[in-house]
There are 2 protein chains.
Amino acid sequence: MPETKGSTHTKRATYELRHRIIEGKIAGGTRLFEVALAEELAISRTPVREAMSRLAEEGLLERASGGGFMVRSFTYQDVIDAIELRGVLEGTAARLAAEQGADPDDLRHINMIVDEIDHCFGAIDTPADFDRYSELNAAFHDALARLCGSAIILRELERVKSLPFASPSAFVLGRSQNAAAHRGLVIAQMQHRALVEAIRQREGSRAEAVAREHARIARENLETSQREEKTVSNLPGMSLVID
Amino acid sequence: MPETKGSTHTKRATYELRHRIIEGKIAGGTRLFEVALAEELAISRTPVREAMSRLAEEGLLERASGGGFMVRSFTYQDVIDAIELRGVLEGTAARLAAEQGADPDDLRHINMIVDEIDHCFGAIDTPADFDRYSELNAAFHDALARLCGSAIILRELERVKSLPFASPSAFVLGRSQNAAAHRGLVIAQMQHRALVEAIRQREGSRAEAVAREHARIARENLETSQREEKTVSNLPGMSLVID
DNA sequence: GGCGCCGAATATGTATACATTGCCGTGTAT
DNA sequence: ATACACGGCAATGTATACATATTCGGCGCC
């Protein structure tokens, strides 16, 4: 087996399989066979089954009728829906945080992240630091999911975000680093501030609306990508889209 | 092993375990040991692991640190959040159905269910048919989840509803069959009609709001139950609540 | 007396042999 | 020619032996 991190065969197999699926090395809809994979990874069937079971929990695989697993495949509409769903769930997290009053420490923390994101933008007309933006953006959305203190909301949000194309940072790096992309980031950052401010002011309805609108940026970026380039293979997880 | 349905040992073990957990025979937080369960069910460890793995996918179990599984446990707040989440997701399904325009056949179908629910109410001051109501109510909520045609939304909604206390019918049978319960059902049915009508009229915002409010009935029923009786054990899945 | 280490007990992790099931192709009979 | 049945193959289902890891108690040292 290629050297991938993890201490047990199960963990390594899980990591390796997940990687291959997200990279697009295994197409959506492909059926996975225990024996073949076990031989390929040079381990026995048991950890392979275990790994597939975990990836099914993650939502990357689905159990096939009559046993076994197949790589889950998505339609273009599924991607749209997953992004919409993320917006709805983040909106709920934001609304609940606003209604219940977020913990001051948590608010300080998320504010710190927003401030740091500002530093990703250089002087006017200089390129932004897309890598750092992507990283901080993920941290922001993680902090947002935790802000209302609900383990239930957090769990479902994590679940949706684990779909590679529904991740908040999915289309940050996917886009070409041009002026339009730069502008998009500026708008997103404005929404970050508005979102935190709405929560602080306990404006639940506004917080929810802003969070939903914020997710729509991802949808627009997706649609732009679709229009500009016929091939979608360089966007994360888009190889799982089959139609 | 007690005779439970299923053709393979895995399926029987899955069914049996799920039953025991929901019935409250295994408390929330309990760690499940493969060997002990295997002996008890008179099968080997392999199908037991497989069953536990599937129940983890369902959300009834969680993987313990350092391997193994434990019965997931919930706080009272988790139950509240799960109900709220169901409302949010059903609201989204309703809104999308309204915005995109639901399939006429689907609309006819859900309308038929609503009409049938009317028959559960007898003449004035006669008891309603709670069993039949519960059944049709579940069918209504299932039809609602499918109405927007999104596999993504459907899947997540099914997931939340699989938590026994977040199911739409969780508190229908749990309540004592008194006049107050009867009144609650009448109100719920009014919301059913309003919901379908909003979707038909393509009033997305109204549809979403009604769906959310509808879920709040479950929350109120829960709070009423908590107030009236100290013990919560007769409500579905409430044995998993530990605080 | 408390902290930490060590080892046994017990748990899960892994490999593998065997059982069972479901599918597909081929054959024959109508 | 079609339909049914038989058989073999290939997949998952299951049991079990063995390997490894984790945990917890006791014992010793600080």
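Definitions and cut-offs
Residues numbered from 1 in each chain as written. Chains lettered and ligands numbered in written order. Predicted model: local features only at pLDDT ≥ 70, side-chain atom pairs only at ≥ 80, totals over all residues. Heavy atoms only, no water. Contact = heavy atoms within 4.5 Å. Buried area = accessible area lost by both parts, 1.4 Å probe. Salt bridge = Lys/Arg side-chain N within 4 Å of Asp/Glu carboxyl O. Polar contact = N/O pair within 3.5 Å; in protein donor to acceptor, adjacent residues only side chain to side chain. Helix = DSSP H or I, 4+ residues; strand = E, 2+ residues; numbered from the N terminus. Nonpolar A, V, L, I, M, F, W, Y, C, P; charged D, E, K, R; others polar. Core = buried A, V, L, I, M, F, W, Y, C linked by side-chain atoms within 4.5 Å. Buried < 20%, exposed > 50% of the residue type's maximum accessible area, 1.4 Å probe, protein only. Least-squares fit on C-alpha atoms with pLDDT ≥ 70 in both.

A.B. asks: I'm lost on the interface of chain B and chain A in this one. Help?
C.D. replies: A common way to express how large an interface is: the accessible area buried when the components associate. The interface of chain B with chain A comprises 29 residues on the first partner and 29 residues on the second. Taking both sides of the interface into account, the surface hidden between chain B and chain A amounts to around 2800 Å²; carbon and sulfur atoms contribute 46%. On the chain B side of the interface with chain A, the three residues burying the most area are Arg63(B), Ile152(B) and Arg155(B), jointly 22% of the side's total. Note that Arg212(B) is salt-bridged to Glu208(A), the shortest N-O span being 2.5 Å. The interface formed by chain B and chain A includes 13 residue pairs in polar contact (both at pLDDT 80 or more). For the side of chain B that touches chain A, the secondary-structure elements that each account for two or more residues are helix H3 (45–58), helix H4 (76–100), helix H7 (151–161) and helix H9 (204–228) of chain B. Sorting elements by how many residues they give to the side of chain B that touches chain A places H4(B) first, with nine residues. Grouping the amino acids of the side of chain B that touches chain A by side-chain chemistry returns ten nonpolar, four polar and 15 charged.

A.B. asks: What exactly am I supposed to notice about the nonpolar core here?
C.D. replies: Proteins that are soluble and globular tend to have nonpolar side chains buried together. Judged by nonpolar contacts, the single largest core of 151 residues is most densely connected at Leu61(A), Leu195(A), Ile199(A), Leu61(B) and Ile199(B). Contacts of Leu61(A), omitting those with residues within four sequence positions, involve Ile21(A), Leu32(A), Met52(A), Leu55(A), Ala56(A), Phe69(A), Met70(A), Val71(A) and Arg72(A).

A.B. asks: For this particular structure, what's the right way to read the relation of the copies chain B and chain A?
C.D. replies: Put simply, the second copy of the chain is the first one after a rotation about an axis and a shift along it. Overlaying chain B on chain A yields an RMSD of 0.1 Å, the required transformation being a rotation through 180 degrees with an accompanying axial translation of 0.1 Å. Seen this way, the second copy is the image of the first under a two-fold rotation axis. Among all residues of chain B, the minimum C-alpha distance to the rotation axis is found for Glu57(B), at 2.5 Å. An overlap of 100% is found between the interface residues of chain B and their copies at the interface of chain A, pointing to a shared contact surface.

These figures come from the coordinates and say nothing about function on their own.
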